[in-house]
Amino acid sequence: MSYEADEIGRDRLALDYGQRWIGGVCAGFANYFDIDPAIVRVGLVVTGLFFPKIVVAAYLIAWLVLDRREPRP
C-alpha cells in the first residue's frame, strides 16, 4: 500500500511561505488540514493565552523541523 499525497488527498505537512505571517507554521498546518489559515492562527493565539510556554516551544520546534514549501504561482 502506498501513501502518496495524491492517493490520500493531502499534501505533506510543510511550512507555507506563500501565506506566511511569521514563519509559515500556521499556514502549513492549515494547508495540511484544508482549512483557512486564520482559524489556525486564532486557535494558536487562544491556546497561547492559557499555555504560552508550550505554544511558543511547539511553534519554534515546528518551524525548525518542518520542510519548506515554496510559494505557489
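Above this text sits the structure in question.
Residues numbered from 1 in each chain as written. Predicted model: local features only at pLDDT ≥ 70, side-chain atom pairs only at ≥ 80, totals over all residues. Heavy atoms only, no water.

**With respect to the nonpolar core**
Phase 1: Ranked by size, the top nonpolar core spans six residues in total: Leu15, Val25, Cys26, Tyr59, Ala62 and Leu66.
Phase 2: Secondary structure elements with two or more residues in this core: α2 (25–33) and α4 (52–65). (Core = buried A, V, L, I, M, F, W, Y, C linked by side-chain atoms within 4.5 Å. Buried < 20%, exposed > 50% of the residue type's maximum accessible area, 1.4 Å probe, protein only. Helix = DSSP H or I, 4+ residues; strand = E, 2+ residues; numbered from the N terminus.)

**Regarding the environment of valine 25**
Phase 1: Its location among the elements puts valine 25 in helix α2.
Phase 2: Judged by relative accessible area, valine 25 falls into the buried class, the value being 4%.
Phase 3: For the pair formed by valine 25 and proline 37, sequence separation is twelve residues and the distance between their alpha carbons is 9.6 Å.
Phase 4: Setting aside anything within four residues of it in sequence, one finds valine 25 in contact with Leu15, Tyr59, Ala62 and Trp63. (Contact = heavy atoms within 4.5 Å.)

**Observations regarding unusual backbone geometry**
Phase 1: For aspartate 34, which is not a glycine, the phi torsion comes out positive at approximately 55 degrees.
Phase 2: Looking at the element boundaries, aspartate 34 is found in the loop between α2 and α3 (37–50).
Phase 3: Note on aspartate 34: relative accessible area 69%, which makes it exposed.

**A short note on the packing of α3 against α4**
Phase 1: Where α3 meets α4, the axes come as close as 6 Å, and the angle between the chain directions of the two elements is 135 degrees. One element, α3, and the other, α4, form an angle in the oblique class. Residues Leu44, Thr47, Gly48, Leu49 and Phe50 of α3 touch α4, and the partners they reach there are Pro52, Val55 and Tyr59.
Phase 2: Its residues placed into classes, the contact of α3 with α4 shows six nonpolar, two polar and no charged. (Axes fitted to C-alpha atoms, helices over the stretch in contact; angles between N-to-C directions. Parallel < 35°, antiparallel > 145°, perpendicular 65-115°, else oblique. Nonpolar A, V, L, I, M, F, W, Y, C, P; charged D, E, K, R; others polar.)

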